[in-house]
Amino acid sequence: MLFSSPIFIYIFLPIILLCYYISPKFFKNGILLIGSLLFYAWGGVSLLALLLISIITNFVFGILIDKSNTQKLKKISITAGIVVNIGLLMYFKYANFIVLNTNEILSIFKTSQINLPNVILPIGISFFTFQAASYLIDVYRGATKAQYNVFKLALFISFFPQLIAGPIVRYQDIADQLDKRSSTIDKFSSGIRRFILGLARKVLIANPMAFIADQAFNTSHSDLTISMAWVGIIAYSFQIYYDFAGYSDMAIGLARMFGFELLENFNSPYIAKNIKEFWRRWHISLSTWFRDYLYIPLGGNRLNKTRTYLNLLIVFFLTGLWHGAAWNFVIWGFIHGFFLIIERAGFDKILSKTPKFFQHTYTLSIVLIAWVFFRANNSTEAINYIKTMIGLGNPYFALHQVSEFFTIDFGIIIVIALLGSVEFFKVILYNYNKLITSCKHSIAILLTNIYQIVAFLTIVSLLILCTLYLTTNSYNPFIYFRF
């Protein structure tokens, strides 16, 4: 069930909110747990069985780690717990990929190949597996206490706002909220605003950009022109940003409606001046997960330079694989890892002395090229696409191929997408609030009232526009469902 679907917005969400707020405090977590399990079961009852297995096994291993009275037993318990989690992820997400590549090798030696029925990828398995693994590791490290209430742990793992697309929540960040949280009118209304803004980013910007990107990437290499290639990758760059950031906004807003506060997952990544900064701003919960649970345990940057560079390559190799079981995702990860190594080797100091325009251009150029591998169906298609972008493929610029996209609607969307990605609206709002605080009391009240009226009308208008779009268009893709 998509957050950006009428059945979720106008049926599922109102029902669960009503049940939650009319229930006594003792039953509120139960209502959320039941709602979360029903939400996930919408994608298939068999998928729900996998989620329940994950919940139960991690509950048991958490207690085993906590009750182990020797370090040896703790290590055995944490190892077994991680193996089970990664094993489930490996089978359901990577079994097809491993068998396919193994058969490619076997075919070289003309050996009988492996037959494996196609394994269906469960929605959100990458997210809830990483959450569960981080819980076990934190219990092992003593960073958090083990949860002895299976229903509370189940809610942590299956909480529907962040279940299928993050943010990846750590148990220690939400443990206290499972027991005690406040639900106020201000928090609830803030959650609604955040959800609708995220919905608008997804429906009104990401979806139209997706339509253009799909046309470009579905065009054959021989027919793809330079202009179409560039329009396509720029559209995809906006699509993936507003798709995923919008979904994170909706998740944070939904959680806030129920009294929970989730950490931010995006911070205007397209204004980054280097790749290191990009990863501090993009998918923050994933990048910090890999930093704390893989990069630092591998040695981080505490050892020699060669080992530090190797650690970065390992992390971004796995970051690529986490996003998808295909070599083009691995290449995408290696591109980012390679430039992080270049920057760490000293290029960041040289880069910092250049004009900011050059720094942004450098960063966005790498990000755009890497996105080609992320979006393409395979690495061969990605390489051919990049060849066309730089003029080594189809030599024609052919503006007529993209002229159909240059409408007034597209112009408005692309301008809003561009301004939103560079914090233009944040700056406007900041300066407006600054103006309010500097005015006389009576004028400040007037300006505050104007802002509240405009904000309310904007939110209502966005909800209406999103509803109209969803009821008249069946095209509603979501990138991170693949992960």
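The structure this text deals with has already been given above.
Quick summary incoming for the structure in this document. All values derive from a computational prediction rather than experimental measurement.

Once that is clear, we can look at the overall build of the protein chain. If you tally the helices and strands in the protein chain, you get 19 helices and 0 strands. Taking 23 Å as the expected radius of gyration for a compact globule of 483 residues, we find that the protein chain reaches 24 Å, a close match to that expectation. The C-alpha extent of the protein chain, read off along each of the three principal axes, is 80 × 70 × 45 Å. When the accessible surface of the protein chain is summed, it comes to about 23400 Å², and 69% of that surface belongs to carbon and sulfur atoms. In the protein chain, which carries 38 positive and 21 negative side-chain charges, the distance between the mean positions of the two groups comes to 9 Å.

This part is about unusual backbone geometry. In this model, Ser268 sits at a positive phi of 45 degrees, which is unusual for a non-glycine residue. With respect to the helices and strands, the residue Ser268 is situated in the loop between helix 10 (226-257) and helix 11 (275-281). Judged by relative accessible area, Ser268 falls into the buried class, the value being 4%. Unlike most non-glycine residues, His283 shows phi in positive territory, near 45 degrees.

The subject of this paragraph is helix 3 (residues 45-67). Compared with an ideal rise of 1.5 Å per residue, which puts 23 residues at 33 Å, helix 3 spans 33 Å between its outermost C-alpha atoms and is within 8% of the ideal. Among all positions in helix 3, only Leu47, Leu48, Leu50, Leu51, Ser54, Ile55, Asn58, Phe59, Phe61, Gly62, Ile63 and Ile65 are buried. On the buried face of helix 3, the contacting elements are helix 2 (25-41), helix 4 (71-108), helix 5 (125-141), helix 6 (150-158) and helix 7 (160-163).

Criteria and cut-off values
Residues numbered from 1 in each chain as written. Predicted model: local features only at pLDDT ≥ 70, side-chain atom pairs only at ≥ 80, totals over all residues. Heavy atoms only, no water. Helix = DSSP H or I, 4+ residues; strand = E, 2+ residues; numbered from the N terminus. Rg over C-alpha atoms; globule rule 2.2 N^0.38 Å. Areas by Shrake-Rupley, 256 points an atom, 1.4 Å probe, with all protein chains shown as cover. Lys, Arg positive; Asp, Glu negative; His and termini not counted. Charge placed at Lys NZ, Arg CZ, Asp CG, Glu CD. Buried < 20%, exposed > 50% of the residue type's maximum accessible area, 1.4 Å probe, protein only. Expected span 1.5 Å × (residues − 1). Contact = heavy atoms within 4.5 Å.

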